Amino acid sequence: MITNNSGDSQHTPSFTGRPLLKTRLIASTIIIGFLSGVIYLDIAYPLAGVGGLWLIPLLLLASLMAGSELAGMCAEGGLSLNKRMVLVGIFIVQALTTVPLLMDIGNGYPADCPIGRAGWPGIGLAAAFGLLMLTEMIQFREPGGVVAKICNGTLVVLYAGFMPSFMILIRTFDGGGELGIVALISLVAIPKISDSAAYFTGKSIGKHKLAPKLSPGKTVEGAIGAIVGGCLGAWLFFEVLAPKAVPAISDLAVWKWLVYAIVLTITGMLGDLAESLIKRDMQTKDSSSWLPGLGGILDVMDSITLSAVPAYLCWVSGLIS
């Protein structure tokens, strides 16, 4: 994730140089290009006529990779868990979240179903928790550490599986049509634009530390830049780009998308700090080195992960629609 002043720069000064910035820009461009291609396929050639199916494998892979990274960080930090069962739990959450989407291929998800679309991630989380409990029951030999393993595993499933699953719900909002894809893009674009604004503002004029013990590189000026950048990004998105796909969204009141932008910017920053908290406690810098210049999947998804549920609530509440 691109953060203002590169969150943990005090440990690796080279991470603030131009070579890193160039690497980040190249990696980001590749990721954006790939995502744009998948989104185009999802819009232009929806599988079985249902929007969102192209994105399911991508989100599942990202969630499993993020879960693997977080489980690895926990292990390095001395926290025990059953990594294999944790990844199975993440798969269960993601799989159950897609049940309504798969039912749309046939007769459609019944409107009167007592389990709403948003209820499936919760059922998946409960099933994953039950799996972790059952595993420890089977493997139990002597007292000590069992509860901790279950709690650690549940944290990883919650963070890497349950929270991102709301991206599926956002994509299928309003029947999975154009509005759903607009909602999903807004979830990704606004936090990332605000994140980039925080980075450049922090590097340019940042002087006052925001959370020195969690992420020494983050500044108050960077946070202000993030809010301004998020609002400008929302203006560009809702006033210029989104109406081309959904003309009706041009009637959206300015105050609504401003509130939405501020909510996603704040939750995005909190998501960034939340991962910094985990990394600080586990005494590691990046979640992995899979993405040159960006770290790991967790480093890329941190702001989006915590923003997914608030974004979903904004859309289903009618604030943005």
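Bear in mind the structure is a predicted one, so any value in this text is a computation, not a measurement.

1. Comments concerning the overall build of the protein chain
Logical step 1: Within the protein chain one finds ten helices and two strands.
Logical step 2: Ordered by position from the N terminus, the helices and strands of the protein chain form the series α-α-α-α-α-α-α-β-β-α-α-α.
Logical step 3: Relative to its length of 321 residues, the protein chain is compact, with a C-alpha radius of gyration of 20 Å against a globular reference of 20 Å.
Logical step 4: Among the 321 residues that make up the protein chain, the fraction classed as buried is 49%.
Logical step 5: Counting contacts in the protein chain only where the partners sit at least 6 residues apart, residues at least 24 apart contribute 73% of the total.
Logical step 6: Only carbon and sulfur atoms are counted for the fraction: they give 70% of the accessible area of the protein chain, which is about 14800 Å².
Logical step 7: Computing the positive centroid from 20 side-chain charges and the negative centroid from 20, the protein chain places the two 8 Å apart.

2. Comments concerning the pattern of salt bridges
Logical step 1: Summed over all chains, the structure comprises five salt bridges.
Logical step 2: The salt bridge partner of Arg117 is Asp104, with a shortest N-O separation of 3.0 Å. Separated by 13 residues along the polypeptide, Arg117 in the loop between helix H4 (99-103) and helix H5 (119-139) and Asp104 in the loop between H4 and H5 bring together distant segments of the chain.
Logical step 3: Lys149 is paired through a salt bridge with Glu136; the nearest N and O atoms lie 3.5 Å apart. Taken together, the residues span a long stretch of sequence, with Lys149 in helix H6 (residues 146-171) and Glu136 in helix H5 at a distance of 13 residues.
Logical step 4: Assessed through its relative accessible area of 23%, Lys149 is described here as partly exposed.
Logical step 5: You can call Glu136 buried: its relative accessible area is 7%.

3. Description of the confidence of the model for the protein chain
Logical step 1: Put simply, the protein chain has an average pLDDT of 87, and 91% of its residues get 70 or more.
Logical step 2: Here helix H1 (residues 18-44) stands out as the least confident element of the protein chain, with mean pLDDT 78; helix H3 (residues 83-97) is the most confident, with 97.
Logical step 3: In the model, residues 1-16 has pLDDT below 50 throughout and makes 57 contacts with residues more than four positions away in sequence or in other chains.

4. Focus on the nonpolar core
Logical step 1: By size, the foremost hydrophobic cluster in this structure holds 62 residues, and its most contacted members are Val182, Leu187, Phe238, Ile249, Tyr260, Trp315 and Ile320.
Logical step 2: When sequence neighbours within four positions are dropped, the list of residues in contact with Ile320 reads Phe238, Leu252, Lys256, Trp257, Tyr260, Cys314 and Trp315.

5. As for the pairing of strand E2 (residues 215-219)
Logical step 1: Burial within E2 is extensive, with five of its five residues counted as buried.
Logical step 2: Pairing of strand E1 (residues 209-211) with E2, which is carried by two bridges, proceeds in the antiparallel orientation. Paired with Ala211 across the strands is Ser215, a residue of E2.
Logical step 3: What sits between E1 and E2 in their antiparallel hairpin is a turn of three residues.

6. Quick look at helix H10 (residues 297-316)
In an α-helix there are 3.6 residues to a turn, and that puts residues three or four apart on one side.
Logical step 1: Its 20 residues place the ends of H10 28 Å apart at the C-alpha level, agreeing with the 28 Å of an ideal helix rising 1.5 Å per residue.
Logical step 2: Along H10, the largest kink reaches about 40 degrees and is centred on Ala308; proline Pro310 follows within four residues of it.
Logical step 3: Following H10 by one or two positions, Gly318 adopts a phi angle in the positive range, close to 95 degrees.

7. Here's the deal with the environment of Trp120
Logical step 1: Its location among the elements puts Trp120 in helix H5.
Logical step 2: C-alpha of Trp120 to C-alpha of Thr97: the two residues are 23 residues apart in sequence and 5.0 Å apart in space.
Logical step 3: When near neighbours in sequence (up to four residues on either side) are disregarded, Trp120 contacts Leu96, Thr97, Val99, Pro100, Tyr109 and Ile115.
Logical step 4: At 2.9 Å, the side chain of Trp120 and the side chain of Tyr109 are in polar contact.

Cut-offs and rules
Residues numbered from 1 in each chain as written. Predicted model: local features only at pLDDT ≥ 70, side-chain atom pairs only at ≥ 80, totals over all residues. Heavy atoms only, no water. Helix = DSSP H or I, 4+ residues; strand = E, 2+ residues; numbered from the N terminus. Rg over C-alpha atoms; globule rule 2.2 N^0.38 Å. Buried < 20%, exposed > 50% of the residue type's maximum accessible area, 1.4 Å probe, protein only. Contact = heavy atoms within 4.5 Å. Areas by Shrake-Rupley, 256 points an atom, 1.4 Å probe, with all protein chains shown as cover. Lys, Arg positive; Asp, Glu negative; His and termini not counted. Charge placed at Lys NZ, Arg CZ, Asp CG, Glu CD. Salt bridge = Lys/Arg side-chain N within 4 Å of Asp/Glu carboxyl O. pLDDT = per-residue confidence, 0-100. Core = buried A, V, L, I, M, F, W, Y, C linked by side-chain atoms within 4.5 Å. Pairing = 2+ DSSP bridges. Expected span 1.5 Å × (residues − 1). Bend = angle between axes of the 7 residues up to and from the residue. Polar contact = N/O pair within 3.5 Å; in protein donor to acceptor, adjacent residues only side chain to side chain.

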